[in-house]
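# Observations on the three-dimensional arrangement
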Amino acid sequence: MFAPSEVVQLKQPCFTPGRLFEPGRYNAADLPDVAFDMGLVDHLPPVKGNSPANLNASNPEPQNLDE
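Described below are features of the structure shown in this document. Along each chain, the written sequence defines residue order, and numbers are assigned to residues from 1. Given that this is a predicted model, residues contribute local features only at a pLDDT of at least 70 and side-chain atom pairs are listed and counted only at 80 or more, while totals for whole chains, interfaces and linings are drawn from all residues. By convention in this description, side-chain values take in all heavy atoms of the structure and omit both hydrogens and water.

So, on to the sheet that holds strand β4 (residues 24–27). In spatial order, the strands read β4-β1-β5; together these three strands make up an open sheet with antiparallel pairing. With one partner strand each, in any of the chains shown, β4 and β5 (41–43) form the two edges of the open sheet. Between one strand axis and the next, the sheet turns by 40° as a mean value, whatever way the strands run. With four bridges joining them, strand β1 (residues 7–10) and β4 adopt antiparallel strand pairing. The residue of β4 that forms the bridge with Gln 9 is Arg 25. Strand pairing is defined by DSSP finding a minimum of two bridges between the two strands. Helix and strand assignments come from DSSP, with helices taken as H or I runs of at least 4 residues and strands as E runs of at least 2, each series counted from the N terminus. The axes used here are C-alpha line fits, helices contributing only the stretch in contact, and every angle between their N-to-C directions lies in the interval 0 to 180 degrees.

In structure tokens, the structure reads:
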């Protein structure tokens, strides 16, 4: 359904046993399967023009809950 290199939108926070994924844009391969299973991920509309689709620069790295 999603290509591993596709940039997708995570609509809600996604909690896993070791990490917290904040809402934002991610490569599909970087998100856990549970985010897709729960319907938390949407396709982004096609990018217009010649600029490449970039990840949200304001989206921090997922947090490690072990700290």
